[in-house]
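Observations on the three-dimensional arrangement
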Amino acid sequence: MSSILETIKAIVESGEFNKLVGRIEGDSLECKGQPYNFSTEAGKRELAKDISSFANLRGGLIIIGAKTKKSQVHFSDEIEEIRPFDQKLIDPEQYQKLLREWIYPEIENLSIRYHKEASSAKGVFVIDIPEQKQSLKPFLIKKWLDGQKTVEILFGYAERRRDNSQPLSVIDIHTALQRGLHYDQNIQRGFADLQAQLGELVGRTQKQEFAKRTKSLLDDRINTIFANSTLKDRRSFVLVAQPGSPTEVQKLFESSPGGIRALLENPPVLRYAGWDLHTLGPSQIIKGEFVRTVSGDRKILELYKDGTLIFAGLADVDFLAWGSDNSDKPKLNPAALVEVIYSFMAFYEEVLKHVDRQPETLTFQMRFYNMKKDGIPSYLFPYQLGSYGQATGERHDAPENEAVLHIQISTKDFSPEKTAYELVEEVYLWFGMEPEKIPYITPDAKDKKIDIEKIRKL
C-alpha cells in the first residue's frame, strides 16, 4: 500500500476528517460528495466502473462524503469539504450485491465501512479495493438485459471486433483477454528470432524510410490522431520530437521490464498528481509502426520506430487550462504548460537511450489548435500561480486559431531543463510576452532552464 493511502486511512480511522481537506485525488483515491444513486442504471454503472477500474490497476479507496473541486496546482481534484451523513443512508450489503451482479470476476476482499467523525454522530463511508491478483484480471462490467448480456471492457482495452455474429459470454471474453495480456511473453522468443531476420532488411531500407519522413508524414500522423479522437473539435495541443537523421528505437515492440515500451506505459513524473504524460493505460502496437498509450481523448502518446515522439492533449479546462472558471474563460495554466513540456523533454531523453544511433540534431514542436474556438480566445497571464502578475489583469490572447512553434538543436546540447525552457519561450513569445515573464525558471540570466524544484514544491 502506498504511503499516501496509509495516511488517508489513518486520518479516516481517527475521525479527524478536517485533515482530509486539500488531499488530492489520483489513481488510488476517488471522492464522492454523496452516495451513489441506484435509482438509475447510470448510477449503478458508475459504481461498477469506479470499482473495477481500481481493481484493474493497483487498488484504491473511494470516500463517500467528500466534496471536491479542481486544484490550481495539481492535475486532479482536491478535497474541498467533508460532508458527514447518517449511517442508514448506505446499505453495504446492497453495494456488495450490486457489484457481484455487475462485475466479473468477483473482487476479492473488498470492504465497505462506516467511519464516524470525532466531533459528531455522523460519518463517511470508505470503499477499500485491495490490490488484486494478476491472475484475476481484467475485471469486466457485465449486465443482463432481456436475457441478453452486454459487456463493457474498461481500463483501456480496445473493443474487439469478431466475425462471429453470436455474442460471447463475459466468461469467454475474460478468458480471451487474459490470454491476450500474456501474449507478449509467450511470443518473446519467437519475436527475437524474427527481429534478427529482419535486421538486414531494416538496414537496407533505413535511408529510404528517413527520406520519406518529411513534414507531410508528420502532418499525416497528427491528422490520424485527430481523425480518431474528439481533439479536432476542442482546444488542443500537440508536442513533437523528431531526430534530424536516420535512427531506430530498439526493442520498441517487446514487453520487457525496463524496456522503452514499459517506460511508455509508466513515464517519469515530477510529482504526484502533476501534469505529465501518464495515461495509466496499456500500450498497443499499431500496424508494426509505433506504440500508443491513451487516456480517453485527454492524452494520447505515440512513439514511432523512427524515433518520432508525439503527445497530443486538450488545451481546455480538462488539461492545459485546468483551474479555469469555465469553458468561456480558457485561461491556460502556466504550471500545466511548463510541467507538461518539461515532462515531454524528460521522456525523450529516455527515448534517446534506446536508439541504435544518436542523431546529429533534434527538432521539437508545439502545435496549438482551436485556440479561438467559438470566437473566444485562449489566453495566458505572466508569471507563476499565486503571483501578483497573475492578478494584474495583464491578459495575453492567442493571436491565431492555430500555431506551429518549433526549435532545432544539436543533440549534444540537449537537456530536458534547457530545451524545455527554449520551447516554453517560443510559446510565451507567440502569446506576446517577454521571456522574463516566464515562470518556474532558474535565476541565471545567461543559462535559463526550467527549475524543476519549483514545480515539485507546488
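Scroll up to find the structure this text is about.
Small disclaimer: the values here were computed from a predicted structure and weren't measured.

**Thoughts on the overall build of the chain**
For the chain, the count of helices and strands is 11 helices and 18 strands. The contacts of the chain with a sequence gap of at least 6 include a subset with a gap of at least 24, amounting to 69%.

**Observations regarding the sheet that holds strand E18 (residues 403–410)**
The strand order across the open sheet built from seven strands is E11-E12-E13-E14-E10-E15-E18, with neighbouring strands paired in antiparallel fashion. The open sheet has two edge strands with one neighbour each: strand E11 (284–286) and E18. This sheet shows a mean twist of 15 degrees between the axes of neighbouring strands, independent of strand direction. As judged from the eight bridges shared by strand E15 (residues 361–369) and E18, these two strands associate in the antiparallel manner. Following the sheet pairing, Thr361 is matched in E18 by Ser410. Against the sheet, helix H10 (residues 416–430) engages strand E10 (236–243), E15 and E18, with an angle of about 150 degrees to E18.

**A word on the pairing of strand E12 (residues 290–295)**
In terms of strand pairing, E11 meets E12 through three bridges, oriented antiparallel. Paired with Ile286 across the bridge in E12 is Phe290. Counting the residues that bridge the hairpin from E11 to E12 gives three residues, and of these Lys287 lies at a positive phi of roughly 55 degrees.

**Describing helix H6 (residues 215–227)**
Between its first and last C-alpha, H6 extends 18 Å over 13 residues, near the 18 Å set by a 1.5 Å rise per residue. Listed as buried for H6 are Leu218, Asp219, Arg221, Ile222, Ile225 and Phe226. Taken end-on, H6 shows its buried residues confined to a sector of 160 degrees, consistent with a single buried face. Where H6 is buried, its residues meet E10, strand E13 (299–304), strand E14 (309–314) and E15.

**Concerning the sheet that holds strand E2 (residues 60–64)**
Read from one edge of the open sheet, four strands run E1-E2-E7-E6, paired in mixed fashion. Both outer strands of the open sheet, strand E1 (29–32) and strand E6 (111–116), are each paired with one neighbouring strand and no more. Neighbour to neighbour, the strand axes of the sheet diverge by 20 degrees on average, direction disregarded. The pairing of E1 with E2 spans four bridges and is parallel. Bridge pairing in E2 places Cys31 opposite Ile63. Sitting on the sheet, helix H1 (residues 3–14) touches E1, E2, E6 and strand E7 (123–129), and the angle it makes with E2 is about 35 degrees.

**Observations regarding the packing of helix H8 (residues 334–351) against H10**
The description of two helices packed together rests on the angle between their axes and the distance between the axes. In contact at an axis separation of 9 Å, H8 and H10 are set at 140 degrees when each is read in the N-to-C sense. Viewed along their axes, H8 and H10 adopt a mutual orientation that is oblique. Once H8 is placed against H10, the crossing between them reads as right-handed. Contacts from Pro334, Leu337, Val338, Ile341, Tyr342, Met345, Ala346 and Glu349 of H8 reach H10 at Pro416, Glu417, Thr419, Ala420, Leu423, Val424, Val427 and Tyr428.

**Focus: the pattern of salt bridges**
Under the criterion given, the structure shown has 28 salt bridges. Lys32 is the partner of Glu46 in a salt bridge, and the nearest nitrogen-oxygen pair spans 2.7 Å. Placement of Glu46 in helix H2 (residues 41–56) and of Lys32 in strand E1 is noted, with a sequence separation of 14 residues between them. Residue classification places Lys32 among the buried residues on the basis of a relative accessible area of 12%. In this structure, Glu394 and Lys437 form a salt bridge, with 2.5 Å as the shortest nitrogen-oxygen distance. Highlighted residues: Glu394 in the loop between helix H9 (388–391) and strand E17 (396–397) and Lys437 in the loop between H10 and helix H11 (452–456), separated in sequence by 43 residues. We classify Lys437 as buried; its relative accessible area is 14%.

**Description of the environment of Pro399**
With respect to the element layout, Pro399 can be found in the loop between E17 and E18. Judged by its relative accessible area of 35%, Pro399 falls in the partly exposed class. Ignoring any residue separated from it by four or fewer positions in sequence, one finds Pro399 in contact with Lys372 and Trp430.

**Concerning the packing of H2 against helix H3 (residues 92–102)**
Between H2 and H3, the least distance of the axes is 10 Å, while the angle of their chain directions is 80 degrees. Here H3 runs roughly perpendicular to H2, going by the angle between their axes. Together, Glu41, Lys44, Arg45, Leu47, Ala48 and Ile51 of H2 and Tyr95, Leu98, Leu99 and Trp102 of H3 make up the contact between the two elements. Here the residues of the contact of H2 with H3 are counted per class, giving seven nonpolar, no polar and three charged.

**Remarks on the side chain of Glu302**
One can find Glu302 in strand E13. A polar atom in the side chain of Glu302 sits 2.9 Å from the side chain of Arg292. Polar contacts involving the side chain of Glu302 include one to the side chain of Tyr304, which spans 3.1 Å. With residues near it in sequence (within four places) discarded, Glu302 still touches Ile225, Phe290, Val291, Arg292, Thr308, Leu309 and Ile310.

**Points about the environment of Gly33**
When you line up the elements, Gly33 lands in the loop between E1 and H2. The spatial distance from the C-alpha of Gly33 to the C-alpha of Pro84 is 9.4 Å, given a sequence separation of 51 residues. Excluding residues within four positions of it along the chain, Gly33 makes contact with Gly65, Ala66, Lys67 and Arg83.

Conventions we followed
Residues numbered from 1 in each chain as written. Predicted model: local features only at pLDDT ≥ 70, side-chain atom pairs only at ≥ 80, totals over all residues. Heavy atoms only, no water. Helix = DSSP H or I, 4+ residues; strand = E, 2+ residues; numbered from the N terminus. Contact = heavy atoms within 4.5 Å. Pairing = 2+ DSSP bridges. Axes fitted to C-alpha atoms, helices over the stretch in contact; angles between N-to-C directions. Expected span 1.5 Å × (residues − 1). Buried < 20%, exposed > 50% of the residue type's maximum accessible area, 1.4 Å probe, protein only. Arc of directions from axis to C-beta. Parallel < 35°, antiparallel > 145°, perpendicular 65-115°, else oblique. Left-handed = near helix turned anticlockwise from the far one by under 90°. Salt bridge = Lys/Arg side-chain N within 4 Å of Asp/Glu carboxyl O. Nonpolar A, V, L, I, M, F, W, Y, C, P; charged D, E, K, R; others polar. Polar contact = N/O pair within 3.5 Å; in protein donor to acceptor, adjacent residues only side chain to side chain.

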